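Chain by chain, the residues:
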Amino acid sequence: AGVAQFETEIPLDWATPQQPYINLFFSSASNTTGTMIFQVATACSNIDGTISDDPSFTTADVFPTRTATAANRNWSTTLQMTQVTSGNNCVPGGTMLVKITRNTDTASAVVWVEKAVITTPRLLTVQAN
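Anyway, here's the lowdown on the structure attached to this text. Given the structure is predicted, the values throughout are model-derived calculations rather than measurements.

Let's talk about the environment of alanine 29
Okay, step 1: For alanine 29, the position within the fold is in the loop between strand E2 (21–27) and strand E3 (35–36).
Okay, step 2: Separated by 39 residues in the primary sequence, alanine 29 and alanine 68 have C-alpha atoms spaced 9.4 Å apart.
Okay, step 3: Excluding residues that lie within four positions of it along the chain, alanine 29 makes contacts with Ala71, Asn72, Val110 and Trp112.

Quick look at the structure:
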């Protein structure tokens, strides 16, 4: 299975009761039929030295299914992550590892992941003038 993996910093002003969203952009490549289904798992490391710098990945969240209709088409799919929590060592300012893999789908050829955009809910800051 293909894998895309990267790390990102969790914003210091993350509104912790709300989970981040991830928007995945990909190409159907040579697939003209079949379903394309991805999943995303995270692993967080806090910044106070109390846990390993090699955390385990959480249970993956599954993106909505997309069905290929023609070769070399661009697609996107979005979901709100469910495992980015303090219980999984995700803290403002900490590091979040993100792993994207294909779930069980029916596309017979490779599907190219092009980019992932993470949107993290932020605290509202009111400033007096």
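Don't stop here, the text continues.
Describing the pattern of salt bridges
Okay, step 1: Considering all chains together, one arrives at two salt bridges under this definition.
Okay, step 2: Of the charged contacts, one joins arginine 122 and aspartate 13 as a salt bridge, the two residues approaching to 2.3 Å between their closest N and O atoms. Of the two residues, arginine 122 sits in the segment after strand E9 (112–119) while aspartate 13 sits in the loop between strand E1 (3–9) and E2, which places them 109 residues apart along the sequence.

Looking at the nonpolar core
Okay, step 1: Counting residues in each nonpolar core, the largest one holds 21 residues, and the members touching the most others are Ile22 and Val40.
Okay, step 2: Those elements giving two or more residues to this core turn out to be E2, strand E4 (38–45), strand E7 (74–80) and strand E8 (95–102).
Okay, step 3: If sequence neighbours within four positions are ignored, valine 40 has contacts with Ile22, Thr59, Ala60, Asp61, Phe63, Leu79, Met81, Val98, Lys99 and Ile100.

Focus on the packing of aromatic side chains
The geometry of an aromatic ring pair is captured by two quantities: the separation of the ring centres and the angle between the planes.
Okay, step 1: Under the counting rule described, the total for this entry stands at one aromatic pair.
Okay, step 2: Geometrically, the ring pair formed by phenylalanine 26 and phenylalanine 38 is tilted, given 4.9 Å between the ring centres and 55° between the ring planes. Of the two residues, phenylalanine 26 sits in strand E2 while phenylalanine 38 sits in strand E4, which places them 12 residues apart along the sequence.
Okay, step 3: Given the relative accessible area of 0%, phenylalanine 26 is considered buried.
Okay, step 4: In this structure, lysine 99 is placed above the aromatic ring of phenylalanine 57, and the distance from its NZ or CZ to the ring centre is 4.4 Å.

Here is what the cut-offs are and how they apply
Residues numbered from 1 in each chain as written. Predicted model: local features only at pLDDT ≥ 70, side-chain atom pairs only at ≥ 80, totals over all residues. Heavy atoms only, no water. Helix = DSSP H or I, 4+ residues; strand = E, 2+ residues; numbered from the N terminus. Contact = heavy atoms within 4.5 Å. Salt bridge = Lys/Arg side-chain N within 4 Å of Asp/Glu carboxyl O. Core = buried A, V, L, I, M, F, W, Y, C linked by side-chain atoms within 4.5 Å. Buried < 20%, exposed > 50% of the residue type's maximum accessible area, 1.4 Å probe, protein only. Phe/Tyr/Trp six-rings, centres within 6.5 Å; stacked < 30°, edge-to-face > 60°. Lys NZ or Arg CZ within 6 Å of the ring centre and 35° of its normal.

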